[in-house]
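For reference, the chains in residue letters:
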Amino acid sequence: MNAFKIKRAYVTEEVMSDLKLPHKRFRPEIEGVRTVATLLIAIYHIWFGRVSGGIDVFFVISGYLMTLSIVSRIERTGSVNFIEYFLNLTRRLLPQATIVLIFTGIFAVILLPKFEWGEIIAHMMASTFYFENWRLALDSVDYLAKDNLASPFQHFWSLSVQGQFYLIWPVLLASIYYIARNFLKTPVYKTLLSSLIIVFICSLAFSVYQTNVNQPFAYFNTFTRMWEFSIGGIFALLSPYLIFTKRLSVVLGWLGLAIIGLTGFLFPVSTVFPGYLALIPIGGVLLILIASESITIYGVNRFLSTKPLIYLGSLTYGVYLWHWPLLIYYRSYMETETVPIGDGILLLVTTFVLSMISTKLLEKPVQKIGRNQKNRELIVVLSAMLVLACSSIFSISAYIEKATASTDIVQEQDYPGAQSEKFDMKTVSYVDLIPSPSEIKTDLPEFYNDLECQSANLTEVRKCSYGVLKDFDYTLALVGGSHSGHWFPALIELAEEMNFKIDLYSHDGCRFTDEDPKGNLTKACIPWNSNLIDTLLEDPPDLVFTTSTVNKRPKVPRGFVNQWKRLEGVTTIFAIRDNPRMQEIIPVCLEQADDPLECSVPRDQAIAKETPWEVTEGIPSNVFFADLTDSFCDETTCYPVIGNIIVYRDDNHITAEYAKTLAPALKVPLQQAFDNLSKKPAQ
């Protein structure tokens, strides 16, 4: 059935007691608000590198307009024709989104480093099918993805949230309307209002909770954003009753505009929204809408309804789509994060020109299709656009696969890594560096393939065992975060030779510590550490392998020492010095540099000059220290490439390929630590 039919009812006293039906009309000031919000989004992105709160304004307006449109349609026709609804929606959204997706995908492989190519297809696919917000939400809780460069498709997250809202909202409103009229026999608009208030309260409560618990995930979560749409719907139903004096309307309107304009300046939107602070810009747009119910000479509606702002309002969708990839590609090409005033103005002008072209040549012609004829032609055109977008994804994917494929047969002697006799930065002429730029992000320890072994963002302690699982001489517990975990490839290389089992206790974004004074670790980290101590005390391993230092800090962190003391007399701590930190994302630097030495770092800038545990008081007697800094640096320099292997997959995590070659160097102190233990009977 094309329509969701709603049985008409005679006007009764019950219906008469219902809310007054909002009058659907063109509101020019909304086009002006769209213009202001879009300009704020672009300006804050380009020059300030921060978020403005303009997206929240769009969500409220979408909720207002969508609620008013659906309710008016049901009241007028007694039905919701979902096919017609979705076709009208798609004809508005798809044409410009398709061309921007294709443009962004093509120029991504032209302008972005190969290091980022692996993410292109995933984000392009997510943007095409309107789940980019969930892709980014999952990345936000994935410690390994947190250092990803900004995706040129990232701005599609808000369009994905809106797209999901456009699917949910008509079904929700039509269902409530139908149930109220035919089953509950209650005033339909009051029932709708009550339902939207419930949605608002539940979503806002969840948003405040989730923002406090895991703000990055909450930021992209559809359900933490639903209250912003619902408050727009609530206003749509209450707008006939929100009429104030003209003098008060003037004050409220300009106050609302000022609030919208200053939100991004006064608040770190990207790190505190969408919790209760998002009520501030939302309050601003509601004040403008309320004020615009009264026509005044000096009111904000007169300014927002001027012809230039109305015209620019018709371009805002295109402006939003174009501005972000242009900005990302500018930064990549110019190798800068800051945009001069002149270049920023040029970016804005280019954005508006492209928006004018795509709106006139794509969006407007498609909007005319099917208006006075059957929808078949429109369906064919929209389907062709979707096929074109999918074909582009497959074509770009095939190009990336071909461009990054290596035809070389890897010969082990060409890739000695840490086992090379000296730090020779000159690569063998007939081999490529490994890992390749397109694969280096995924060059991870193998335990990352076992999702059940990950405890990131959890207080629960999870254990996975590797290496020799039967008749082993020793048990080694590998504990901590990614800087402990990236030694796993070296340990697994040694496990069989030295006959030990590896019990992995991994929590990315965490360390083996009982304190986090600067709030750098996950919120679950300290509780997880407490539970981990209980686990280790209950079933003590022979060695606990963990990091002993952090970055260039001159001393061992006190939280580390506290944890070691809790295991004194129970087990031995094998505390390895943290690896040197680089100053740039190494795979990106290597692509841009003429000589790998350009990416190297002076030793004294990559690691503390003095050995930290030698100047730290209170070290317990159960700690065995190891320092493999000489496998990364010579006397003066720390290197990005050693023995034809790229050492780092970012600026601080070791590639799995290089970690494997550290096994011989690690074996020496590890054997000394085992020798200090009393021989354990065979299992």
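Residue numbers run consecutively from 1 along every chain, following the written order of its sequence. Residues qualify for local features only when their pLDDT is at least 70, as the model is predicted, and side-chain atom pairs are given and counted only at 80 or more; totals for whole chains, interfaces and linings, by contrast, use all residues. The side-chain values count all of the structure's non-hydrogen atoms but skip hydrogen atoms and water molecules.

Enquirer: Would you take a moment to explain the nonpolar core for this structure?
Expert: As a rule of thumb, nonpolar side chains are buried together in soluble globular proteins. Remark: nonpolar core denotes a set of buried residues (Ala, Val, Leu, Ile, Met, Phe, Trp, Tyr, Cys) joined through side-chain atoms within 4.5 Å. A simple rule labels every residue: compare its accessible area, found with a 1.4 Å probe on the protein chains alone, to the largest value its type can have, and call it buried under 20%, exposed over 50%, or partly exposed in between. Grouped together as the largest cluster of nonpolar side chains are 101 residues, with contacts concentrated most on Ile-120, Phe-156, Trp-157, Trp-169, Tyr-189, Leu-192 and Leu-304. Contacts of Ile-120, omitting those with residues within four sequence positions, involve Ala-108, Val-109, Phe-153 and Ile-400. Leu-494, Met-582, Ala-626 and Phe-632 belong to the second-largest nonpolar core, a separate cluster that totals 59 residues. The contact criterion used throughout is that any non-hydrogen atoms of two residues lie within 4.5 Å.

Enquirer: Whenever I open this one, a nonpolar patch on the surface confuses me. Can you help?
Expert: A contiguous nonpolar surface patch, about 560 Å² in accessible area, is contributed by Ile-341, Ile-345, Val-349, Val-353, Ile-357 and Leu-361. Strands here are runs of E lasting at least two residues and helices are runs of H or I lasting at least four, both read from the DSSP assignment and numbered beginning at the N terminus. Summarising the element assignment, Val-353 is placed in helix H16 (residues 341-368). For Val-353, a relative accessible area of 40% gives the class partly exposed. A patch consists of residues whose relative accessible area exceeds 30% and which take part in no salt bridge; residues with like charges are grouped when within 9 Å of each other, and nonpolar side chains (Val, Leu, Ile, Met, Phe, Trp, Tyr) when within 5 Å. In these tables, accessible area is a Shrake-Rupley quantity obtained with a 1.4 Å probe, and a residue counts as shielded only by the protein chains included in the view. In the sections that follow, a salt bridge refers to a side-chain nitrogen of Lys or Arg positioned within 4 Å of a carboxyl oxygen of Asp or Glu.

Enquirer: I tried to follow helix H20 (residues 525-538) on my own but got confused; where do I start?
Expert: Working note: α-helix, 3.6 residues per turn, so residues spaced by three or four point in the same direction. In this model H20 runs 20 Å from its N-terminal to its C-terminal C-alpha over 14 residues, within 8% of the 20 Å that 1.5 Å per residue would give. For H20, the full list of buried residues reads Cys-525, Trp-528, Asn-529, Leu-532, Ile-533 and Leu-536. Down the axis, H20 shows its buried residues gathered within 145 degrees of arc, on one side only. Of the surrounding elements, those touching the buried residues of H20 are strand E4 (474-480), strand E5 (500-506), strand E6 (543-547) and helix H21 (558-566). Helix span is expected to be 1.5 Å times the residue number reduced by one. Working definition: the arc comes from the directions between the helix axis and the C-beta atoms, pointing outward to the latter.

Enquirer: I would appreciate a short explanation of the state of the cysteines in the present structure.
Expert: Linking two cysteines covalently via their sulfur atoms produces the bond known as a disulfide. To count as a disulfide, a pair of cysteine sulfur atoms needs to be within 2.5 Å. According to the stated counting rule, one finds four disulfides in the structure shown. Note on cysteine connectivity: Cys-453 is disulfide-linked to Cys-464, with sulfurs 1.9 Å apart. Every disulfide takes its handedness from the sign of the S-S torsion; for Cys-453 and Cys-464 that torsion is -95 degrees, giving left-handed. Within this pair, whereas Cys-453 is found in the loop between helix H17 (376-404) and strand E3 (464-467), its partner Cys-464 is found in strand E3, the two being separated by eleven residues in sequence. Relative accessible area serves as the criterion here: at 11%, Cys-464 is assigned to the buried category. Each disulfide pairs two cysteine sulfurs, and for Cys-589 the partner residue is Cys-599, the sulfurs being separated by 2.0 Å. Its S-S torsion of approximately -100 degrees makes the covalent link between Cys-589 and Cys-599 left-handed. Of the two residues, Cys-589 sits in helix H22 (residues 586-592) while Cys-599 sits in the loop between H22 and strand E8 (601-602), which places them ten residues apart along the sequence. Each member of the pair, Cys-589 together with Cys-599, is buried. Once the bonded cysteines of the chain are numbered in order along the sequence, the disulfide links fall as 1-2, 3-4, 5-6, 7-8.

Enquirer: Explanation requested: the packing of helix H19 (residues 488-498) against helix H25 (residues 663-675) in the structure shown.
Expert: Any two packed helices are characterised by how steeply their axes cross, that is the angle between the axes, and by the distance between the axes. At a minimum axis separation of 10 Å, H19 and H25 run at an interaxial angle of 55 degrees. Overall, the two elements H19 and H25 adopt an arrangement that is oblique. Crossing of H19 over H25 shows right-handed handedness. Residues Ala-490, Leu-491, Glu-493, Leu-494, Glu-497 and Met-498 of H19 pack against Ala-663, Leu-666, Lys-667, Leu-670, Gln-671 and Phe-674 of H25. Its residues placed into classes, the contact of H19 with H25 shows eight nonpolar, one polar and three charged. Only the contacting stretch of a helix is used when fitting its axis, a line to C-alpha atoms as for every element, and angles between N-to-C directions run 0 to 180 degrees. Each angle is binned into one of four classes, with values under 35 degrees roughly parallel, values over 145 roughly antiparallel, values of 65 to 115 roughly perpendicular, and all other values oblique. In this scheme the crossing of two helices becomes right-handed for a clockwise turn of the near helix relative to the far one and left-handed for an anticlockwise turn of less than a right angle. Ten residues, namely Ala, Val, Leu, Ile, Met, Phe, Trp, Tyr, Cys and Pro, are considered nonpolar, four, namely Asp, Glu, Lys and Arg, are considered charged, and the remaining ones, Gly among them, are considered polar.

Enquirer: Please explain the environment of Thr-513 as it appears in this structure.
Expert: Here Thr-513 lies in the loop between E5 and H20. What makes Thr-513 buried here is its relative accessible area of 3%. Sequence spacing of Thr-513 and Asp-471 is 42 residues, and the spatial spacing of their C-alpha atoms is 32 Å.

Interpretation in functional terms is not warranted from these geometric data alone.
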